[in-house]
Amino acid sequence: MNQVPRHIAIIMDGNGRWAKKRFLPRVAGHVKGVSALKKIVNHCNTLGVKYLTVFAFGRENWNRPQGEVSFLMRLMIKRLDKELAELHQKNARIRFIGDRSRVSHEFISSITNAENLTQFNTGLNFNICVDYSGQYDIIQAINRIIKEHPAESITEETFANYLLTAGQPNPELVIRSSGESRISNFMLWQLAYSELYFSTVFWPDFTPQELDHAIAWYNNRERRFGKTSEQL
Ligand code: IPE
Ligand code: IPE
Ligand code: MG
């Protein structure tokens, strides 16, 4: 029987290539990608995963063509508004993780509404990273922590409480789809000891069965945390 990780993080990649392969515009891949995500969220809910974090839009993604960026923003608002009632009914708690200063007012109002509505839910913690970067996360933590702590007193634990993921456990399993084996400025601090699973499947084709494969793979890892095999 596989042990289900408490926190799974996913770098959802390959929407554009999925579309290109089918001679479709890139944005068609993003639409399909959201449908794939919906199935994964439901599956995590069924499996009893406590935390699911998805990288939806990275800080560097502002450098994409403006039409694609605005399509993505509208798509995220539209689908969030549409899925909110069902997520709430399933007892999921939604949080947005990222820089809130550059996204539109419309986006902020949609995410604030989702966060407020679901704030007391006790099921799946569903984190959506938008305008996120791991380096930004660390820098914003430093800028806040230095106002409250004398320099020598800062420890790893106090520092983690200033990250955007404060209070949440670090991911045990990170999945990246589409055959890329890089972190792309995702949670640099939080991934210190995560198991990294790279799948060649493009995100729109990533099914609950693929997630099961990743979890089975995770169960075959020996997590040594610096110790020797014999010590475990
Ligand atoms: C991931 O798919 C979605 C976002 C980064 C917003 P991509 O759009 O990066 O797809 P590829 O990498 O071009 O195939
Ligand atoms: C960044 O995706 C991570 C997300 C899925 C949001 P990209 O597909 O833009 O990453 P790089 O730049 O190719 O590494
Ligand atoms: Mg990509």
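To be clear, the structure that these remarks concern was listed above.
The sections below set out a description of the structure shown in this document. Remember, predicted model here, so these are calculated numbers, not experimental data.

Points about the site of ligand 2
Step number 1: With respect to spatial proximity, the complete set of residues near ligand 2 consists of Ile11, Met12, Asp13, Phe55, Ala56, Phe57, Gly58, Asn61, Arg64, Arg176, Arg182 and Ser184.
Step number 2: Between ligand 2 and Asn61 there is a distance of 2.8 Å, counted from an oxygen atom to a side-chain nitrogen or oxygen.
Step number 3: The protein chains hide 77% of the 390 Å² of surface that ligand 2 would expose on its own.
Step number 4: Here the element with the most residues in the shell around ligand 2 is strand β2 (residues 51-58); it accounts for 4 residues.
Step number 5: Of the residues assigned to the shell around ligand 2, the class counts are 5 nonpolar, 3 polar and 4 charged.

Observations regarding helix α3 (residues 66-89)
Step number 1: With 24 residues, α3 should cover 34 Å at 1.5 Å per step; its first-to-last C-alpha distance of 35 Å lies within 8% of that length.
Step number 2: Taking the largest bend as the criterion, α3 deviates by roughly 45 degrees, centred on Glu83.
Step number 3: What α3 keeps buried is the set Glu68, Val69, Leu72, Met73, Leu75, Met76, Ile77, Arg79, Leu80, Glu83, Leu84 and Leu87.
Step number 4: Against the buried residues of α3 lie α2 (26-47), β2, β3 (93-97), α4 (105-118) and β4 (125-132).
Step number 5: In the stretch just after α3, Asn91 is the one whose phi turns positive, near 70 degrees.

Some thoughts on the pattern of salt bridges
Step number 1: For the coordinates displayed, the defined rule picks out 19 salt bridges.
Step number 2: A salt bridge links Lys38 to Glu86; its shortest N-O distance comes to 3.4 Å. Of this pair, Lys38 sits in helix α2 while Glu86 sits in helix α3; the two residues are 48 residues apart in sequence, bridging distant segments of the chain.
Step number 3: According to the relative accessible area criterion, Lys38 is partly exposed, its value standing at 29%.
Step number 4: One salt bridge connects Arg102 with Asp131, and the closest N-O pair in it is separated by 3.0 Å. Separated by 29 residues along the polypeptide, Arg102 in the loop between β3 and α4 and Asp131 in strand β4 bring together distant segments of the chain.
Step number 5: Assessed through its relative accessible area of 44%, Arg102 is described here as partly exposed.

Looking at the side chain of Arg176
Step number 1: If you trace the backbone, Arg176 turns up in strand β5 (residues 173-176).
Step number 2: Engagement of the side chain of Arg176 in a polar contact is seen with the side chain of Asp13, the distance being 2.8 Å.
Step number 3: Contact partners of Arg176, with chain neighbours within four places excluded, come to Ile11, Asp13, Arg182, Ile183, Ser184, Tyr197, Phe198 and Ser199.

Some remarks on a nonpolar patch on the surface
Step number 1: Judged by side-chain polarity, Ile139, Ile142 and Ile146 come together as a nonpolar surface patch covering roughly 260 Å² of accessible area.
Step number 2: Residue placement: Ile142 occurs in helix α5 (residues 134-148).

Focus: the packing of aromatic side chains
Step number 1: Counted by the stated rule, this structure contains 9 aromatic pairs.
Step number 2: Ring geometry for Tyr193 versus Phe225: centroids 4.9 Å apart, planes at 45 degrees, classification tilted. Here the residue Tyr193 occupies a position in the loop between β5 and β6 (195-198), and Phe225 occupies one in the segment after α7 (208-219), the gap between them amounting to 32 residues.
Step number 3: Using a relative accessible area of 48% as the deciding quantity, one classes Phe225 as partly exposed.

As for the pairing of strand β1 (residues 7-11)
Where a strand is regular, its side chains alternate between the two sheet faces.
Step number 1: Along β1, 5 of the 5 residues are buried, which leaves the element largely enclosed by surrounding structure.
Step number 2: In terms of strand pairing, β1 meets β2 through 5 bridges, oriented parallel. Bridge assignment links Ala9 to a residue of β2, and that residue is Thr53.
Step number 3: Pairing analysis gives 4 bridges linking β1 to β5, with the strands arranged parallel. Counted as the bridge partner of Ile10 is Ile175 from β5.

About the criteria used
- Residues numbered from 1 in each chain as written.
- Chains lettered and ligands numbered in written order.
- Predicted model: local features only at pLDDT ≥ 70, side-chain atom pairs only at ≥ 80, totals over all residues.
- Heavy atoms only, no water.
- Near = heavy atom within 4 Å.
- Polar contact = N/O pair within 3.5 Å; in protein donor to acceptor, adjacent residues only side chain to side chain.
- Areas by Shrake-Rupley, 256 points an atom, 1.4 Å probe, with all protein chains shown as cover.
- Helix = DSSP H or I, 4+ residues; strand = E, 2+ residues; numbered from the N terminus.
- Nonpolar A, V, L, I, M, F, W, Y, C, P; charged D, E, K, R; others polar.
- Expected span 1.5 Å × (residues − 1).
- Bend = angle between axes of the 7 residues up to and from the residue.
- Buried < 20%, exposed > 50% of the residue type's maximum accessible area, 1.4 Å probe, protein only.
- Contact = heavy atoms within 4.5 Å.
- Salt bridge = Lys/Arg side-chain N within 4 Å of Asp/Glu carboxyl O.
- Patch = residues over 30% accessible without salt bridge, like charges linked within 9 Å, V, L, I, M, F, W, Y side chains within 5 Å.
- Phe/Tyr/Trp six-rings, centres within 6.5 Å; stacked < 30°, edge-to-face > 60°.
- Pairing = 2+ DSSP bridges.

Read these as spatial facts, not as claims about activity.
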